[in-house]
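# Analysis of the macromolecular model
One letter stands for each residue in the lines below.
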Amino acid sequence: MTRRAVAIGVGHYLPERVVPNAEFEKTLDTTSEWIKSRSGIERRHFAAPGQNTSDLAAHAANAALDMAGLNGNDVDAIVVATSTADLTFPSAATMVQAKIGNTKGYAFDIQAVCAGFAFALTNANALIVSGQADRVLVIGAETFSRLLDWDDRGTCVLFGDGAGAIVLKAEEQSGTNEDRGVLTAHLHSDGRYKEKLYVDGGPGSTSTVGHVRMEGREVFRHAVVNIAEAIEEALAATGFTADDIDWFVPHQANKRILDATAKRIGLAPEKVVITVGEQGNTSAASVPLALDAAVKDGRIKRGDLVLLEAMGGGFTWGSALVRW
Ligand code: UT7
């Protein structure tokens, strides 16, 4: 028998305010059509003043706990993937812990920017498989709008705010590829690429928050190659082929990256879950937001083989195969 981390609940939260591309035409030398054709993005949600990452995360967490039939105090650990915690410290995760009424568990943040959910899921899986925890809440939550330079048309049109969450539970399974739960997970980083995508401020350097800086074309190029390699690693580790994948739930940075990745690994376009058009790039929140959308609309069903991947600043990237 093998201990597996099985997803038993998923939830999301998107702030009320929806900002269509046309808004940016008022202040920037850009067009709605440029944004849509180069990224696939048509609109995004922005958090209200005073609404912080831990607020979004707590909403998503409560929705995932509801689906799992659990209360906040039923989880042993809370892992929040975010680069936009409310404060420099304490972690967003401890704030979520208080908001969902958990006192028995422990909570911590994981910082791997847009790859954050892959890192959080992999580490939560390790907590469960090792016997350290039986139930873990894994959340991706961001208010990236707080990091944007509204004069930089190359970045500010791309990002959005939101949160997604899943609840993982330990289950004894047979130890085969037919098991439910996280079947394999693979993480990578390469710190030599810091300059390609970073925020130009922080508590330990400038004492400011800073703004997102990105060499978009370079990040795009690396993303397709790195993501495809991480996916091939997950397939090789399990012996599955692209044809075995029921649903591909990628990080939602750019529809052209999703199309290019699916093509590169030989995956049918209709298996790709795409939310970037309505949400923009929500960084660590994008994978659980897309997962939630596909579970709630009935596409992802119990027993389906789901491929996840993400890539972000650092560079950081990873993949996972999960049987739902
Ligand atoms: O989630 C973390 C990972 N992030 C990503 O994966 C993002 C990766 N990068 C991308 O998604 C794309 O590179 C972008 C959407 C950011 C840009 O698309 P692109 O096709 O790579 O365009 P580009 O950066 O090569 O820029 C093409 C032109 C440039 O003008 P010149 O130099 O050719 O005259 C830009 O200045 O488009 C210009 N441009 C814009 N024009 C209108 C850049 N931003 C805009 C804009 N509106 N908002």
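These notes cover the structure that comes with them. Within every chain, residues take consecutive numbers counted from 1 along the sequence as written. Given that the model is predicted, a residue must reach a pLDDT of at least 70 before its local features are reported, and side-chain atom pairs must reach 80 or more before they are shown or counted; all residues, however, enter totals for whole chains, interfaces and linings. Derived side-chain values reflect all non-hydrogen atoms in the structure, with water molecules and hydrogen atoms excluded from consideration.

### Observations concerning the sheet that holds strand β6 (residues 135-143)
- Here the rule is simple: two strands pair whenever DSSP picks up at least two bridges between them. Every helix listed is a DSSP run of H or I at least four residues long, and every strand listed is a run of E at least two residues long, numbered separately from the N terminus. Spatially, 5 strands are ordered β1-β7-β6-β4-β5 in an open sheet, and the strand pairing comes out mixed. At either end of the open sheet lies a strand with only one pairing partner, and these are β1 (2-13) and β5 (106-110). Taken pair by pair, the neighbouring strands of this sheet meet at an average axis angle of 20°, ignoring direction.
- The pairing of β6 with strand β7 (residues 161-173) spans 9 bridges and is antiparallel. Among the inter-strand pairings, Gly140 is bridged to a residue of β7, identified as Gly164.
- Throughout, a residue-residue contact means that at least one pair of heavy atoms, one from each residue, lies within 4.5 Å. With axes taken as lines fitted to C-alpha atoms, and helix axes fitted only over the stretch in contact, angles between N-to-C directions fall between 0 and 180 degrees. This element, helix α3 (residues 53-68), spans β1, β6 and β7 of the sheet and lies at about 120° to β1.
- Sitting on the sheet, helix α9 (residues 286-296) touches β1, β6 and β7, and the angle it makes with β1 is about 90°.

### Things to note about the packing of helix α6 (residues 216-238) against helix α7 (residues 255-265)
- Axis separation between α6 and α7 bottoms out at 9 Å; the angle between their running directions is 40°. Viewed along their axes, α6 and α7 adopt a mutual orientation that is oblique. For the pair α6 and α7, the crossing hand works out as right-handed. Contact with α6, carried on its side by Phe220, Ala223, Val224, Val225, Ile227, Ala228, Ile231 and Glu232, involves Arg256, Ile257, Ala260, Thr261, Arg264 and Ile265 of α7 and no other residues of that element.
- The residue classification treats Ala, Val, Leu, Ile, Met, Phe, Trp, Tyr, Cys and Pro as nonpolar and Asp, Glu, Lys and Arg as charged. All others, Gly included, are polar. Counted by class, the contact of α6 with α7 contains 10 nonpolar, 1 polar and 3 charged residues. Roughly parallel means an angle under 35 degrees; roughly antiparallel means over 145; roughly perpendicular covers 65 to 115; every other angle is labelled oblique. Handedness of each helix crossing follows the sense of rotation of the near helix against the far helix: counterclockwise by less than a right angle gives left-handed, clockwise gives right-handed.

### Comments concerning the pattern of salt bridges
- One speaks of a salt bridge when a side-chain nitrogen belonging to Lys or Arg is within 4 Å of a carboxyl oxygen belonging to Asp or Glu. What the rule picks out here adds up to 21 salt bridges.
- Across the pair Glu218 and Arg221 runs a salt bridge, and its minimum N-O distance is 3.3 Å. Taken as a pair, Glu218 and Arg221 lie in helix α6 at a separation of 3 residues, close to a single helical turn.
- Among the charged side chains, a salt-bridge network with shared partners connects Asp149, Asp152, Asp200 and Arg213.

### A few points about the site of the ligand
- Residues are classed as near a molecule or strand on a simple rule: at least one heavy atom within 4 Å of it. Around the ligand sit 22 residues, and of these Thr30, Arg38, Arg217, Asn254 and Asn281 come closest.
- For the ligand, a nitrogen atom lies 2.6 Å from a polar atom in the side chain of Thr30.
- Any pair of N or O atoms that falls within 3.5 Å is considered a polar contact. Within protein, one atom must be able to donate a hydrogen and the other to accept it, and sequence-neighbouring residues count only if both atoms are side-chain atoms. Separating an oxygen atom of the ligand from a side-chain N or O atom of Arg38 is a distance of 2.8 Å.
- Burial of the ligand by the protein chains amounts to 75% of its free accessible area of 940 Å².
- Of all the elements in the fold, those that place two or more residues in the shell around the ligand are α2 (32-39), α6 and α7.
- The element contributing the most residues to the shell around the ligand is α6, with 4 residues.
- For the shell around the ligand, a count of residues per class yields 11 nonpolar, 6 polar and 5 charged. Only the protein chains shown count as cover for residues, and all accessible areas are computed by the Shrake-Rupley method using a 1.4 Å probe.

### Side note on the packing of aromatic side chains
- By convention, a stacked pair of Phe, Tyr or Trp rings (six-membered ring in the case of Trp) has centres within 6.5 Å and planes under 30 degrees apart, an edge-to-face pair has planes over 60 apart, and any other such pair is tilted. In the structure shown here, the tally under the stated rule is 4 aromatic pairs.
- A ring pair is formed by Tyr106 and Phe108, whose centres lie 6.4 Å apart and whose planes are at 10°; its orientation type is stacked.
- Exposed residues in this analysis have more than 50% of their type's maximum accessible area, buried residues have under 20%, and partly exposed residues fall in between, with area computed by a 1.4 Å probe over protein chains only. Judged by its relative accessible area of 28%, Phe108 falls in the partly exposed class.
- Between Tyr193 and Phe315, the aromatic rings sit 5.0 Å apart at their centres with planes inclined by 10°, giving stacked as the arrangement. Residue Tyr193 is located in the loop between β8 (181-189) and β9 (197-199), and its partner Phe315 is located in the loop between β12 (305-312) and β13 (316-323); the two are separated by 122 residues in the primary sequence.
- Of the residues examined, Tyr193 reaches a relative accessible area of 24% and is grouped as partly exposed.
- For Phe315, a relative accessible area of 1% corresponds to the buried category.
- Any Lys NZ or Arg CZ that is within 6 Å of a ring centre and within 35 degrees of that ring's normal is treated as a charge sitting over the ring. Across the ring face of Tyr198, the terminal group of Lys194 is positioned such that the distance to the ring centre comes to 5.2 Å.
- The side chain of Arg299 reaches across the aromatic face of Trp247, ending 5.9 Å from its centre.

### Describing unusual backbone geometry
- With an omega of 0°, the peptide bond between Phe89 and Pro90 qualifies as cis.
- Between Gly314 and Phe315 the backbone carries a cis peptide bond, its omega angle lying at -5°.
- One non-glycine residue, Ser207, adopts positive backbone phi at about 60°.
- Relative to the helices and strands, Ser207 is located in the loop between β9 and β10 (212-214).

### Observations concerning the side chain of Ser286
- Position of Ser286 relative to the elements: it lies in helix α9.
- Apart from the residues lying within four places of it in its own chain, the contact partners of Ser286 are Pro250, His251 and Gln252.

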